[in-house]
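The residues making up each chain are set out below.
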Amino acid sequence: MKTPEEIFNYLTNQFGEEDLSFESRDIGQPWITVLASKIREVSKFLRDDSELLFDTLMCLSGIHYPKEEELGVAYHLHSTKLTHNIALKVRVPESKPNVPSVESIWKTANWHEREAWDMVGVVFDDHPNHKRILLPDDWEGHPLRKDYVQQEFYQGMPTGE
Amino acid sequence: MTDQISNIAEKREMTINMGPQHPSTHGVLRLELDLDGEVIKNTRPNIGYLHRCFEKYAEEMDDYSKVIPYTDRMDYVSAMNQEHGYVIAVERMLEIEVPERVEYIRVIMAEMQRIASHLLGIGAFGLDLGAFTPFLYCFIEREKILDIFEKTSGARLLYNYYAIGGMIKDVHPDFKKDTNEFVKTFRPKIKELNDLLSGNKIFIKRTANIGVLPEKVALNYGASGPVLRGSGVEWDLRKNDPYSIYDRFDFEIPIGKGEMGTLGDCWDRYIVRVREMEQSLRIIEQALEGMPDEGDVTEGIPKRIRPKEGELYARSETPRGELGYYIISDKSASPFRVKARAPSFVHLGLLPAISKGALIADMVAIVGSIDIVLGEVDR
């Protein structure tokens, strides 16, 4: 079992310090920010390394940061063998919201990534089925963006307030 | 006409829709099934029919506590557990402790709700496979729990009873008596249920060796709760990541053992739920004994809820599995982001993996055995 700091140090030994940073705020849990292009590599290491063994992805969430004009993806990992947790975060600009998919590492990510695309608009590269999941395929916009405006009509039907 | 029929017969492969208005999909769920004769080649679940964008509502509320009624409506058959998961997440953000009496009431309510939810899950599972009587027997018992909830909270399904830092109001004066009475009468009923359904030959034929979920696949797909335990993994957040006061109680984690067929089949997932009800009874008994008689349950509720800047992921064990809330606070009165990680959503995602190669009639058993609630899948 490792603390988040120990996991971060372990990761920097492997991947260097440029692509990773450790962040925390006044309350709650700390997280590791990972460069988007490295996320799959880091995830694979987290799952397979014998001292980390993160075998489950508990949660994957898309986030919109309107001030920075960025989108984020948060990964919450857990190891059932070693009982430790870690949160990873990736941030990408709104103009080019591409993040490599981790579906090939944890199958849970398949639906969660589709939800993050549907709700926030993060594009997951190499996802096997990159489609909307909760909303109809021809819906406009991504509702969980802070600047979202609901379309007035959907296929001729008023969408209401 | 005859030409058309012979064409279909030659091809044998076709795609059909199961749902959205199919009685065994437990809500509005559409499964696109690619069939070769009776054998399922591929399953594509289509969801979103009940989507209300709970997360958007939560972000637009001007108060953290106004989100609680919306959490009720996620998994509407275990609303107490949903509220519990949300309030512990916010309490951790505020770094507040709740009074003893509140913790005990919460645990009793959550465990009673677990029994009620499992009764519905088991009853409906039996019903899907043609066993009508156990369904009614389960509902008689579930009704008694709902009566107890109604006396205290005023509602039968969507309670809005948990509050951040306490409870909305104290329990009804009869609460202890009623609950004790229920525990006493319910124990023999589990045996009755086992005689009626668990050991029933037809039921075993329909569920054993069907929809086998191996341990490795379960973990990789993020399964939790009875679905994961049915595959033989001893994993329960009440024990493995204790929240509230669960570390004070003595109870076991039932797991699947492949008694009737293969480890991780539909019967294993079913029996885990039955055995969990017994364990919940044990927890309720201990909690009733330890519950302090005095104490104001509303005194700890903060007047103003404004967490500092930060974020956390808090999880709790609902009857369906791991319910996680990922909350980001930006110091304002409303949450910046609330993400609900619903167990049914994850479990439905693994349906294609366990239904491949099954017969179309077995699909009904598999969907029933993962016990999904569509309100939680679609949020």
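Here the structure is shown first, and the text comes after it.
Overview of the structure.

Criteria and cut-off values
Residues numbered from 1 in each chain as written. Chains lettered and ligands numbered in written order. Predicted model: local features only at pLDDT ≥ 70, side-chain atom pairs only at ≥ 80, totals over all residues. Helix = DSSP H or I, 4+ residues; strand = E, 2+ residues; numbered from the N terminus. Rg over C-alpha atoms; globule rule 2.2 N^0.38 Å. Buried ≥ 20, exposed ≤ 12 C-beta atoms within 10 Å, placed from the backbone. Contact = placed C-beta atoms within 7 Å. Core = buried A, V, L, I, M, F, W, Y, C linked by C-beta atoms within 7 Å. Pairing = 2+ DSSP bridges. Expected span 1.5 Å × (residues − 1). Arc of directions from axis to C-beta. Axes fitted to C-alpha atoms, helices over the stretch in contact; angles between N-to-C directions. Parallel < 35°, antiparallel > 145°, perpendicular 65-115°, else oblique. Left-handed = near helix turned anticlockwise from the far one by under 90°. Nonpolar A, V, L, I, M, F, W, Y, C, P; charged D, E, K, R; others polar. Bend = angle between axes of the 7 residues up to and from the residue.

Along chain B, the regular secondary structure elements total 16 helices and eight strands. Relative to the 2.2 N^0.38 estimate, which gives 21 Å for 379 residues, the radius of gyration of chain B is 21 Å and therefore close to what a compact globule would have. Across the 379 residues of chain B, 50% fall into the buried class. Summarising the internal contacts of chain B: among those between residues at least 6 apart in sequence, 71% fall at separations of at least 24.

Take the nonpolar core next. By size, the foremost hydrophobic cluster in this structure holds 144 residues, and its most contacted members are B:Ala89 and B:Ile366. Residues contacting B:Ile366, with those up to four places away along its chain left out, are B:Ile210, B:Gly211, B:Cys266, B:Leu351, B:Ile354, B:Ser355 and B:Ala358.

On to the environment of B:Ser78. All names here are of chain B. Mapped onto the elements of the fold, serine 78 is located in the loop between helix 3 (68-72) and helix 4 (79-94). According to the C-beta neighbour criterion, serine 78 is buried, with 26 such atoms within 10 Å. Sequence separation of serine 78 and alanine 110 is 32 residues, and the distance between their C-alpha atoms is 8.3 Å. Those residues in contact with serine 78 that lie beyond four places of it in its chain are Gln113, Ser117, Thr318 and Pro319.

Another point: the pairing of strand 4 (residues 56-65) of chain A. All names here are of chain A. Summarising burial for strand 4: nine of the 10 residues are buried, a large majority. One ladder, built from nine bridges, connects strand 4 with strand 5 (residues 70-78); its direction is antiparallel. By the bridge assignment, threonine 56 is partnered in strand 5 with histidine 78. Connecting strand 4 to the next strand, strand 5, in antiparallel fashion are four residues, including glutamate 69 with a positive phi near 50 degrees.

The periodicity of an α-helix, 3.6 residues per turn, causes residues three or four positions apart to be oriented the same way. All names here are of chain A. For helix 1 (residues 4-15), built from 12 residues, the straight-helix expectation of 16 Å at 1.5 Å per residue is met to within 8% by its first-to-last C-alpha distance of 16 Å. Among the residues of helix 1, Ile7, Phe8 and Leu11 are the ones counted as buried. The arc enclosing the buried residues of helix 1, seen along the axis, measures out at 100 degrees, which places them on a common side. Those residues of helix 1 that are exposed and aimed more than 90 degrees away from the buried face are Glu5, Asn9 and Asn13. Turning to helix 1, the residues buried within the fold contact strand 1 (20-23), strand 3 (31-34), helix 2 (39-48) and strand 6 (85-93). In the stretch just after helix 1, glycine 16 is the one whose phi turns positive, near 85 degrees.

Moving on, we get to the sheet that holds strand 2 (residues 27-28) of chain A. Spatially, four strands are ordered 2(A)-6(B)-7(B)-8(B) in an open sheet, and the strand pairing comes out mixed. Taken across any chain shown, the strands that pair with only one partner, and hence form the sheet edges, are strand 2 of chain A together with strand 8 (337-341) of chain B. Relative to strand 7 (residues 321-329) of chain B, strand 6 (residues 310-318) of chain B runs antiparallel, the two sharing nine bridges. Along strand 7 of chain B, the bridge assignment pairs B:Leu312 with B:Ile327. The sheet strands contacting helix 4 of chain B are strand 2 of chain A together with strand 6 and strand 7 of chain B, and the helix crosses strand 6 of chain B at an angle near 150 degrees.

All names here are of chain B. Taken in spatial order, the three strands make up an open sheet running 1-2-3, and their pairing is antiparallel. In this open sheet, the two edge strands, each paired with only one partner strand, are strand 1 (13-18) and strand 3 (39-46). Between one strand and the next, the sheet's axes are offset by a mean angle of 20 degrees, whatever the strand orientation. Sheet analysis places strand 2 (residues 30-36) next to strand 3, joined by seven bridges and oriented antiparallel. Pairing of aspartate 34 across the sheet is with asparagine 42, part of strand 3.

Facing 27 residues of chain A, the contacting portion of chain B comprises 33 residues. Mapped by element, the contributors of at least two residues to the side of chain A that touches chain B are strand 2, strand 4, strand 5 and helix 3 (109-119) of chain A. With six residues, strand 4 of chain A is the largest single contributor of residues to the side of chain A that touches chain B. With two bridges connecting them, strand 2 of chain A and strand 6 of chain B associate as parallel partners. Directly across from A:Gly28, in strand 6 of chain B, lies its bridge partner B:Glu311.

So, about the packing of helix 12 (residues 266-290) of chain B against helix 15 (residues 360-370) of chain B. Residue and element names in this part refer to chain B. Two elements in contact, helix 12 and helix 15, have axes separated by 9 Å at closest approach and are oriented at 30 degrees. Judged by the inter-axis angle, helix 12 sits roughly parallel to helix 15. For the pair helix 12 and helix 15, the sense of crossing is left-handed. Residues Cys266, Arg269 and Tyr270 of helix 12 form the contact with helix 15, whose participating residues are Ala365, Ile366, Ser369 and Ile370.

What follows deals with unusual backbone geometry. Residue and element names in this part refer to chain A. Despite not being glycine, leucine 53 has its phi angle at roughly 45 degrees, a positive value. With respect to the helices and strands, leucine 53 occurs in the loop between helix 2 and strand 4. Taking the C-beta count within 10 Å as the criterion, leucine 53 has 14 such neighbours and is therefore assigned partly exposed.

Turning our attention to the packing of helix 5 (residues 100-128) of chain B against helix 15 of chain B. Relative orientation and spacing of two packed helices are given, respectively, by the angle between their axes and the distance between those axes. Residues and elements named next belong to chain B. Their axes nearest at 9 Å, the elements helix 5 and helix 15 cross at an angle of 180 degrees. Our classification of the angle between helix 5 and helix 15 gives roughly antiparallel. When helix 5 is examined against helix 15, the residues Ala124, Phe125 and Asp128 are found in contact with a partner set consisting of Val364, Ala365, Gly368 and Ser369. In terms of residue class, the contact of helix 5 with helix 15 is built from four nonpolar, two polar and one charged.

Let's shift gears to the environment of B:Arg12. All names here are of chain B. Summarising the element assignment, arginine 12 is placed in the loop between helix 1 (2-11) and strand 1. For arginine 12, a count of 11 C-beta atoms within 10 Å puts it in the exposed group. Residues arginine 12 and glycine 37 lie 25 residues apart in sequence; the distance between their C-alpha atoms is 5.4 Å.

Quick look at helix 7 (residues 175-198) of chain B now. Residues and elements named next belong to chain B. Most pronounced at phenylalanine 186, the bend in helix 7 amounts to some 30 degrees, and the proline proline 188 follows within four residues. Inspection of helix 7 places Thr179, Phe186, Leu193, Leu197 and Ser198 among the buried residues, and these make up the whole buried set. At its buried positions, helix 7 is contacted by helix 5, helix 6 (132-153), helix 8 (201-207) and helix 12.

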